[in-house]
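Residue strings, one per chain:
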Amino acid sequence: MGALIRFFTKILDICKLVPMLPVVVIAAIPLALLGDWRPWGNAMAIPVLGNPGFGQWLVIALVLIIVIDTVRGMIDDLRHGQVGVDVLAVVAILSTVAVAEYWASWAVTLMITSGEAIEEYAQAKAERSLTALMEAAPQTAHVVNLPGVGCGFATDKGDSSDGFRRVGLASAAAAAHRFDTVPVEQVQLGDVLMVLPGETVPVDGELLSGTATLDLSNINGEPVPREVFAGARVMSGAVNGSTALTMRATQVAADSQYQRILELVASAQESRPAVVKTADRLAVPFTVLSLVIAGVAWAVSGVPTRFAQVLVLATPCPLLIAAPVAYIAGTGRLAAAGVLIKAQDVLENLGRVTQVFFDKTGTLTVKQPQVVRVEMLPGAATRLNEDHVLMMAGVVESYSVHILSKGIAKAGTEAMARLRQRFEDGQRLCPEPEASWPGHGREYPVIKNINEDAGKGVSGEVNGHAVRVGRLSFAAAGEEGFLAVDRTAPSRSEDDLRTRFGLLQPDEMASYVSVDGQLIARIVLRDVPRANAKAALAKLHELGVTKLAMLTGDKRASANIIASEVGIDEVHAELFPEDKVAAVKAATGAGKTVTMMVGDGVNDAPVLAVADIGVAMTDGTSTAASESAQVVIMNDNIAAVPRAIAIARRTKRVMLQAVIAGLVLATIGMIAAAFDLIPVVVGAFLQEAIDVVSILWALTALIDRD
């Protein structure tokens, strides 16, 4: 019973899309039962049409309605620069009426209306991923109206201009409700908003709550919810977790992140790729060919019905419907994979890429330098090991804003977890009295007296130990800032200490660590390739991309190391932004080369704009790179680059298959009809079958076979 209900629900939905379809279907009943019934006798005889019966007049009325609507659509297409080739359908349906083949006329009207329904269904199915993205757009926002909160109260009530509200002026009723629910377009800069559990963040803003858990899958495809803390940027389109959060609006709805994503989607849907425009143009010679075959068949046979027999099989639908459906399906697949394009022309060019340029830092490598090892100072008397060093340095660096701090802090968190596990396993290796000092055995160490000396390092007290992390001179110095002098001890000059540690590789950098005034280790960091960078670049070669190049402002030695690790063919190092632009321009103008530039930073924006295809890798945030790129990867995953190319190539391949198969079948059918092998009514239904086959084939672009 449930399956039957679902079936009729789908039928009803289709009828809503094309209201004329049920009318045409029902018209078959009077045509069958009352087709030749003429209660008026011969009083309504008309030249050409003769004296149709009641049911036949109903079909003629349907034909006129559909012809008028089709002609109106053709005129509208011409106004928008598109070729209106529905003339075949118009001529076919009029010719069937002229030769009194009313069942054929009904079949053609059914063909046209059901074709519209199939097109609407195919479009909806192809746009499913894009539609889901749009439907998830936030519609309302909860603006907090408590006294002293938000941006609008002081202005509205004539308060002082110092930005503070006079609490006494707020009404008790407004305070009792806590917030007002308004359309998202009414949110103003500075408004304090409340986002309830499970709701979508309405606009970009700054988190005021202490912590929040956000699902960013709608923005960047990130599968695991992200925990953010007070002061963090909160992006529209993110879904709040299990607790309510408060935030301050920093962008209005029109300028927020999710709206930018929707604008990209809308521009892609409205654009027409060159191959679809070519398909439109091909429909014109196909129309001429069909009319020639029909005219010759009529002239040779001397039977006017032969003209209608041929034309009911002449269908340009593989060109007019299958081609754009395939491309919209490809756009939807890209969106589902976290890749947004700004126009469907980009989808066509993606499949033709022959050379790809990559930025190094943040694109081929992770965004911050990562810890690769900890080197203990030879000869230093300490009971601490590498994990202790990382833990202490990590908690101190977590308060720093230096470029290396995030990498050390991350490694420190991992080291802390290892130490905690060892403690739980009973390996309590810390000696007394240190084992009894504050912080030992706790979930998080006790931290005091953090101080950062800009450009030099950061210091603090961790579990009772004085820790200094930073440059060698900073870490080895005492509290007064000078290296300690001990004439009985070995030399402690910077050069001597560096010699004892050993030389760093060209792409490595180091932070030095001292504990309780004694230099004990250095933490070595470097740009680390993304875990999947090598596999992604190998896939590009498999797809036929002939050259992979790196454009970077970094030193050549560092660039060569990364290039060899990920499989780059050509390295351009020590470049300024204008040098990158020149390199891409030189390749773009070389013969049939189609270039792609992949970058992530603001400094990549100029070179992304000059490449045939600019690809910005982001985590969903808006940057100058994504503004100037034609393709935006929303999940910050380099594997999306070869995947996008593979999807584009499959989309074009499926489109061509659908178009060619449809046109070949239609041509064969027309030739058979010209020799009177296919009756006119059968031909009308056969034409509909060809349309269905072509459109369904185009929809296979949705299938993931890449």
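Position numbers for residues count from 1 along each chain, tracking the sequence in the order it is written. Where local features are concerned, this predicted model is filtered to residues with pLDDT of at least 70; where side-chain atom pairs are given and counted, the filter is 80 or more; whole-chain, interface and lining totals use all residues. Side-chain metrics rest on all non-hydrogen atoms present in the structure, leaving aside hydrogens and water.

Caption draft 1: Summary view of the overall build of the chain. What counts as a helix is a DSSP run of H or I of at least four residues, what counts as a strand is a run of E of at least two, and both are numbered from the N terminus. Helices and strands together make up the secondary structure of the chain, namely 26 helices and 22 strands. Put simply, the chain has 706 residues, and 46% of those count as buried. We call two residues in contact whenever any of their non-hydrogen atoms come within 4.5 Å of each other. Of all intrachain contacts in the chain linking residues separated by at least 6 positions in sequence, the fraction that spans at least 24 positions is 68%. Only protein chains enter the calculation, and the probe is 1.4 Å; a residue is then buried if its accessible area is under 20% of its type maximum, exposed if over 50%, and partly exposed in between.

Caption draft 2: The pattern of salt bridges, seen in detail. Any Lys or Arg side-chain nitrogen located within 4 Å of an Asp or Glu carboxyl oxygen qualifies as a salt bridge. For the structure on display, the rule yields 15 salt bridges. Between Asp 359 and Lys 580 there is a salt bridge, and its shortest N-O distance comes to 3.4 Å. On the criterion of sequence distance, the pair formed by Asp 359 in strand S11 (residues 355-359) and Lys 580 in helix H22 (residues 577-588) is long-range, its members being 221 residues apart. Both residues of the pair, Asp 359 and Lys 580, belong to the buried class. Across the salt bridge formed by Arg 418 and Asp 387, the nearest N and O atoms sit 2.7 Å from each other. With Arg 418 in helix H17 (residues 405-424) and Asp 387 in helix H16 (residues 386-397), this pair connects stretches of sequence that are 31 residues apart. Look at Arg 418 and you get partly exposed, because its relative accessible area is 37%.

Caption draft 3: Structural view of the side chain of Arg 306. When you line up the elements, Arg 306 lands in helix H12 (residues 304-311). Taking relative accessible area as the criterion, Arg 306 reaches 12% and is therefore assigned buried. Reaching out from Arg 306, the side chain makes a polar contact with the backbone oxygen of Ala 674 at a distance of 3.2 Å. Each residue touching Arg 306, except ones within four places of it in the same chain, is listed here: Ala 297, Trp 298, Ser 301, Ala 673, Ala 674, Phe 675 and Asp 676. The term polar contact refers here to a pair of N or O atoms within 3.5 Å; inside protein, the definition further demands a hydrogen-donor-capable atom paired with an acceptor-capable atom, and it admits residues adjacent in sequence only when both atoms are side-chain atoms.

Caption draft 4: Spotlight on unusual backbone geometry. Positioned with a positive phi, Asp 516 is a non-glycine residue whose angle comes to about 55°. Note on placement: Asp 516 falls in the loop between strand S16 (508-515) and strand S17 (518-526). Take Asp 516: its relative accessible area is 46%, and that puts it in the partly exposed class. Phi is positive for Asp 676, close to 65°, though the residue is something other than glycine. Position of Asp 676 among the secondary structure elements: in the loop between helix H25 (640-674) and helix H26 (680-699). Taking the relative accessible area as the measure of exposure, Asp 676 reaches 45% and is therefore partly exposed.

Caption draft 5: Representation of the nonpolar core. Of all hydrophobic cores here, the largest spans 102 residues; its most connected members are Trp 106, Leu 350, Phe 358, Ile 568 and Met 596. Beyond its immediate sequence surroundings of up to four residues, Met 596 is in contact with Leu 350, Val 353, Gln 355, Val 356, Phe 357, Ala 611, Ile 613, Val 615, Val 641 and Ile 645. In this structure, Val 374, Leu 390, Met 416 and Val 513 belong to the second largest nonpolar core, which totals 24 residues. Nine residue types can take part in a nonpolar core, namely buried Ala, Val, Leu, Ile, Met, Phe, Trp, Tyr and Cys, and a core is a set of them joined through side-chain atoms within 4.5 Å.

Caption draft 6: Representation of the packing of helix H4 (residues 87-98) against H12. To get an axis, a line is fitted to the C-alpha atoms, and for a helix only the part in contact is used. The angle between two axes follows their N-to-C directions and goes from 0 to 180 degrees. The geometry of H4 relative to H12 is characterised by a closest axis approach of 9 Å and an angle of 145° between their N-to-C directions. Both H4 and H12 take part in a crossing whose hand is left-handed. Listed contacts from H12 to Leu 88, Val 91, Ala 92, Ser 95 and Thr 96 of H4 are Phe 307, Ala 308 and Leu 311. Residues are sorted three ways: Asp, Glu, Lys and Arg are charged, Ala, Val, Leu, Ile, Met, Phe, Trp, Tyr, Cys and Pro are nonpolar, and all the rest, Gly among them, are polar. Of the residues belonging to the contact of H4 with H12, the class tally is 6 nonpolar, 2 polar and no charged. By definition, any crossing whose near helix is turned counterclockwise from its far helix by less than a right angle is left-handed, and any crossing with a clockwise turn is right-handed.

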